[in-house]
Amino acid sequence: MYDTNLVLGGKEFTSRLIVGTGKYSTMDVMRDAHEASGTEIITVAVRRVSLPSGESILDYIDTKRYTLLPNTAGCYSADEAIRTCYLAREAGLGEMVKLEVIGDQRTLFPDVIGLLEATRTLAREGFTVMPYTNDDPIMAKKLQDAGAACVMPLGAPIGSGLGIRNPYNIKIILESVTVPVIVDAGVGTASDAAIAMELGCDGVLMNTAIAGSRDAVSMAKAMKLAVEAGRLAYKSGRIGKKLYATASSPLEGLPDWTS
Amino acid sequence: MSVKINVNGKPMDVEPGLTVEGLLTLLAVKREYTAVAVNREITPKATYAAVTLNEGDKVEIVRPMGGG
């Protein structure tokens, strides 16, 4: 079936799965998982160089093949997040950023007030801003109006694996904005990713669901298939839900077994 | 006389007149995908050799790490 590409900041992507680089058991496993996931966009954090500087994560990521997506994880204010994005740009990581302004250490829920402020500033400065936000349709619209290139509502708390807790809100977000909607955070297993895509989301971003699974490489493949399956099901137009049965086989032409 | 600066949260004594370029060389930091900020202001790569570190300067040297 014909499908459009995912467009972010004028760049086109055929894969709708964005994956991370955190928490993998080894760098080799990470590289193989990226390969198996079919992803084209990979998130990285921006942190202090450990001195002396040793092996780099980028030794395991082919930057000609993948687009890097620096995040602002660990930033608790718009100011910190904005400075991190400037650092990422100066480091040569590009202008596409996964913007996080965290509100609370325990839930890692976003501080949407700081997020909106940072989105506005960074969009004005030419960044392709991909904000991690709540599953709140009103905020999604405000982020779009502030210049966000997409909105990335959480399915559940980061790293929780609880899945898409409020599919109805995600559905309303899809109706509220015209920019791509990418579910970020909360995915635990393949069906969660499929559900997000069946709802009509444009993509899914995940890290722990793959990196933390027992076999990260095969889970990465499962996620690739789930995102593709969910997308295809969405595009194919599912049947309506009914309370009672509707026979699949014709009712006419049954043999007569009465004696 | 040495100059006391702070690099990635750790105190460090350096020679007077040391530049950002000199510091990166001294610490053997890989340049690719690295960014530097001095006192919260980003130091563009092109100015590394021109920026001299002064007493009390706070230097941040960052690069990509694993994250989600």
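Considering the overall build of chain A
No. 1: A count of helices and strands for chain A gives eight helices and ten strands.
No. 2: Each principal axis of the C-alpha distribution contributes one length, and for chain A these read about 90 × 40 × 35 Å.
No. 3: Per-residue burial for chain A yields a buried fraction of 45% across its 259 residues.
No. 4: The contacts in chain A between residues at least 6 apart in sequence include a share of 63% that link residues at least 24 apart.

As for the confidence of the model for chain B
No. 1: Across chain B, the average pLDDT comes to 94, with 100% of residues at or above 70.
No. 2: Across the assembled chains, the prediction reports ipTM 0.91 with pTM 0.92.

Focus on the interface of chain A and chain B
No. 1: With 30 residues of chain A at the contact, the number on the chain B side is 20 residues.
No. 2: Sorting the residues of the side of chain A that touches chain B by element identifies strand 4 (41-48), strand 5 (67-70) and helix 2 (78-90) of chain A as the ones contributing at least two each.
No. 3: Each residue belonging to the side of chain A that touches chain B can be placed in one class, and the counts come to 16 nonpolar, ten polar and four charged.

As for helix 1 (residues 27-37) of chain A
Residue and element names in this part refer to chain A.
No. 1: Taken together, the buried positions of helix 1 are occupied by Met-30, Ala-33, His-34 and Ser-37. Buried residues along helix 1 cover an arc of 100° about the axis, so they all sit on one side.
No. 2: Packed against the buried residues of helix 1 are strand 3 (17-19), strand 4, helix 7 (208-211) and helix 8 (216-236).
No. 3: Backbone geometry just downstream of helix 1 places Gly-38 in the positive-phi region, at approximately 70°.

So, the sheet that holds strand 7 (residues 128-133) of chain A
All names here are of chain A.
No. 1: Pairing in this open sheet of three strands is parallel, and the strands run 6-7-8 from one edge to the other. The open sheet has two edge strands, strand 6 (96-99) and strand 8 (152-153), and neither has a second partner.
No. 2: As judged from the four bridges shared by strand 6 and strand 7, these two strands associate in the parallel manner. Opposite Lys-98, over in strand 7, you have Met-130 as the bridge partner.
No. 3: Contacts between helix 3 (residues 112-124) and the sheet are confined to strand 6 and strand 7, with strand 7 contributing the most and set at about 175° to the helix.

Topic: helix 6 (residues 190-198) of chain A
Each α-helix turn comprises 3.6 residues. Residues three or four places apart therefore point the same way.
Residues and elements named next belong to chain A.
No. 1: Burial of helix 6 is extensive: seven of the nine residues sit out of reach of the surface.
No. 2: Considered for burial, the residues of helix 6 that qualify are Asp-192, Ala-193, Ala-194, Ile-195, Ala-196, Met-197 and Glu-198.
No. 3: On its buried face, helix 6 is in contact with helix 5 (167-176), strand 9 (182-184), strand 10 (203-206) and helix 8.
No. 4: Looking one or two residues beyond helix 6, the residue adopting positive phi is Gly-200, at roughly 115°.

With respect to the packing of helix 6 of chain A against helix 8 of chain A
How two helices pack is summed up by the angle between their axes together with the distance between the axes.
Residue and element names in this part refer to chain A.
No. 1: Look at helix 6 against helix 8: their axes get within 7 Å of each other, and the N-to-C directions meet at 30°. As the angle between them shows, helix 6 and helix 8 are arranged roughly parallel. Crossing hand, helix 6 versus helix 8: right-handed. Listed contacts from helix 8 to Ala-190, Ser-191, Ala-193, Ala-194, Ile-195, Ala-196, Met-197 and Glu-198 of helix 6 are Ala-222, Met-223, Ala-226, Val-227, Ala-229, Gly-230, Arg-231, Ala-233 and Tyr-234.
No. 2: Looking at the contact of helix 6 with helix 8, its residues break down into 13 nonpolar, two polar and two charged.

About the cut-offs
Residues numbered from 1 in each chain as written. Chains lettered and ligands numbered in written order. Predicted model: local features only at pLDDT ≥ 70, side-chain atom pairs only at ≥ 80, totals over all residues. Helix = DSSP H or I, 4+ residues; strand = E, 2+ residues; numbered from the N terminus. Buried ≥ 20, exposed ≤ 12 C-beta atoms within 10 Å, placed from the backbone. Contact = placed C-beta atoms within 7 Å. pLDDT = per-residue confidence, 0-100. Nonpolar A, V, L, I, M, F, W, Y, C, P; charged D, E, K, R; others polar. Arc of directions from axis to C-beta. Pairing = 2+ DSSP bridges. Axes fitted to C-alpha atoms, helices over the stretch in contact; angles between N-to-C directions. Parallel < 35°, antiparallel > 145°, perpendicular 65-115°, else oblique. Left-handed = near helix turned anticlockwise from the far one by under 90°.

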